[in-house]
Amino acid sequence: MASSSVRRSWRMAALVAAAFVLLASAAASGAMAAGLDLGFYSQTCPHAEQIVKDEMVKILTEAPSLAGPLLRLHFHDCFVRGCDASVLLDTTDAANPAEKDATPNLTLRGFGSVQRVKDALEAACPNTVSCADALALMARDAVVLARGPSWPVALGRRDGRVSVANETNQLPPPTANFTRLVTMFAAKGLGVKDLVVLSGGHTLGTAHCNLFSDRLYNFTGANNAGDVDPALDAAYLAKLKTRCRSLADNTTLHEMDPGSFLSFDASYYRLVAKRRGLFHSDAELLANPLTRAYVQRQATGRFVDEFFRDFAQSMVKMSSIDVLTGAQGEIRKKCYLVN
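None of the values given here were measured: they were computed from a predicted structure. (Residues numbered from 1 in each chain as written. Predicted model: local features only at pLDDT ≥ 70, side-chain atom pairs only at ≥ 80, totals over all residues. Heavy atoms only, no water.)

### Focus: the side chain of H254
Here comes step 1: Mapped onto the secondary structure, H254 falls in strand 2 (residues 253-255).
Here comes step 2: The contacts of H254, once residues within four sequence positions are left out, are T206, A207, F212, Y236, L240, R243 and L278. (Helix = DSSP H or I, 4+ residues; strand = E, 2+ residues; numbered from the N terminus. Contact = heavy atoms within 4.5 Å.)

Here's what the structure looks like:
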């Protein structure tokens with residue numbers, strides 16, 4: 001069943017590929033500016049994308065719930081030091097923890113899957129394909145396999161040698177208000193539309209209760225039963241409380257898009273429009289006329305193709321943030337260690 005499902009996902013992606021023809025030229029021009037190239041491995045590892053795709057089919061057949069975490073892993077990588085795979089590095093000095101050991105990244109998953117893909121690439125093309133490129137391709141394939149859009153991934157990223165836990169303060173937190181979200185996205189060259197579009201990635205995956213339980217129990221710090229986020233639908237709040245029973249719960253998971261967390265679609269926007277987005281940052285999309293209009297348009301369910309195109313374009317932009325190219329960085333043998 002699972003194998004046929006992922007094959008259908010790739011067939012669907014092929015059918016809609018024509019809708020993204022213009023993206024290829026846009027990605028190519030943006031990639032040239034960033035030093036990336038759509039055909040970067042055409043001579044040195046011509047089957048690189050196929051190798052990643054084949055491994056991703058196996059990974060998501062075995063664990064379909066990893067689609068969201070792998071997309072999130074790429075996002076968390078790109079927002080800190082750019083898309084250089086620094087989020088994958090292990091801490092080697094307890095006095096200087098790496099990004100993955102910072103509080104915002106403690107719930108990240110999928111590190112083993114990235115190394116699995118990297119090992120397959122190393123077997124075919126030793127010392128050639130970076131972990132950063134592997135992760136960018138995996139994020140794209142995760143979305144496709146979840147029946148979402150495809151996009152061209154320009155390649156040529158190099159892996160960084162530095163990972164600093166404190167630098168994760170550049171990651172937009174789930175508690176952020178609209179002004180802070182816009183400022184943090186702008187710092188990475190992403191606009192208001194990118195903010196509302198990339199937030200749509202919350203259609204995939206789950207979240208730990210501690211990432212949103214302040215909305216249920218201690219929103220302003222008053223720490224009483226009535227201290228809840230007024231932006232959250234009351235009925236949904238009551239339902240969430242039955243699952244997340246305290247501020248201290250950091251193990252229970254809840255679907256970010258209940259009933260559809262394994263499928264990439266526009267249903268996230270219907271939840272946000274009903275004030276049922278899981279994070280306060282989701283609710284903040286209703287605080288601005290531009291993002292609110294986008295949410296309400298997508299909430300109708302009549303413009304999914306538009307969302308898919310927008311998401312693909314924003315992912316092309318995000319995956320080019322502050323990339324290392326040329327002689328910068330290195331090509332790691334193991335994604336969790338510098339060479």
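Now, onward.
### Describing the environment of L290
Here comes step 1: Here L290 lies in helix 13 (residues 289-299).
Here comes step 2: In this structure L290 comes out as exposed when scored by relative accessible area, which is 64%.
Here comes step 3: C-alpha separation for the pair L290 and V196, spaced 94 residues apart in sequence, amounts to 9.0 Å. (Buried < 20%, exposed > 50% of the residue type's maximum accessible area, 1.4 Å probe, protein only.)

### Re the packing of helix 5 (residues 111-124) against helix 6 (residues 131-145)
Here comes step 1: Packing of helix 5 against helix 6 leaves a shortest axis separation of 10 Å and a crossing angle of 115°. Here helix 6 runs roughly perpendicular to helix 5, going by the angle between their axes. The two elements helix 5 and helix 6 cross, and the hand of that crossing is right-handed. On the side of helix 5, the interface is formed by S113, V114, V117, K118 and L121, while helix 6 contributes C131, A134, L135 and M138.
Here comes step 2: When the residues that make up the contact of helix 5 with helix 6 are grouped by side-chain class, the tally is seven nonpolar, one polar and one charged. (Axes fitted to C-alpha atoms, helices over the stretch in contact; angles between N-to-C directions. Parallel < 35°, antiparallel > 145°, perpendicular 65-115°, else oblique. Left-handed = near helix turned anticlockwise from the far one by under 90°. Nonpolar A, V, L, I, M, F, W, Y, C, P; charged D, E, K, R; others polar.)

### With respect to the UniProt feature "binding site: substrate" (unreviewed entry) in the chain
Here comes step 1: Here the UniProt feature "binding site: substrate" (unreviewed entry) sits at P172.
Here comes step 2: One can find P172 in the loop between helix 6 and helix 7 (178-186).
Here comes step 3: With a relative accessible area of 18%, P172 lands in the buried category. (UniProt positions renumbered as here; feature names shortened; annotations may be inferred.)

### Description of helix 6
Here comes step 1: Taking 1.5 Å of rise per residue, the 15 residues of helix 6 would be expected to cover 21 Å, and the 20 Å separating its terminal C-alpha atoms lies within 8% of that figure.
Here comes step 2: Two residues or fewer past helix 6, R147 is found with a positive phi of approximately 70°. (Expected span 1.5 Å × (residues − 1).)

### Brief notes about the pattern of salt bridges
Here comes step 1: One pass over the full model with this rule turns up 17 salt bridges.
Here comes step 2: Linking D90 and K100 is a salt bridge whose minimum nitrogen-to-oxygen distance equals 2.6 Å. Taken together, the positions of D90 in the loop between helix 4 (67-78) and helix 5 and K100 in the loop between helix 4 and helix 5 put the pair 10 residues apart, joining distant regions of the chain.
Here comes step 3: Classification of D90 by relative accessible area gives partly exposed; the value is 33%.
Here comes step 4: Take K100: its relative accessible area is 15%, and that puts it in the buried class.
Here comes step 5: Between K193 and D310 there is a salt bridge, with the nearest N and O atoms lying 3.3 Å from each other. Of the two residues, K193 sits in helix 8 (residues 192-198) while D310 sits in helix 14 (residues 304-318), which places them 117 residues apart along the sequence.
Here comes step 6: For K193, a relative accessible area of 47% translates into the label partly exposed.
Here comes step 7: Bridged by salt links that share partners, the residues E55, K58, E62 and R116 form one connected network. (Salt bridge = Lys/Arg side-chain N within 4 Å of Asp/Glu carboxyl O.)

### Comments concerning the layout of surface pockets
Here comes step 1: Put simply, the largest pocket is a space of about 960 Å³.
Here comes step 2: Lining of the largest pocket is provided by 42 residues; of these, R72, H76, P172, H202 and F279 occupy positions nearest its centre.
Here comes step 3: Those elements giving two or more residues to the lining of the largest pocket turn out to be helix 4, helix 7, helix 8, strand 1 (206-208) and helix 14.
Here comes step 4: It is helix 4 that contributes the most residues to the lining of the largest pocket, six residues altogether.
Here comes step 5: For the lining of the largest pocket, the class distribution of residues is 23 nonpolar, 16 polar and three charged. (1 Å grid on protein atoms, 1.4 Å probe; cavity = no way out; pocket = protein on both sides within 12 Å on 5 of 7 lines; lining within 4 Å. Points joined across faces, edges and corners; volume = space filled by probe spheres on them.)

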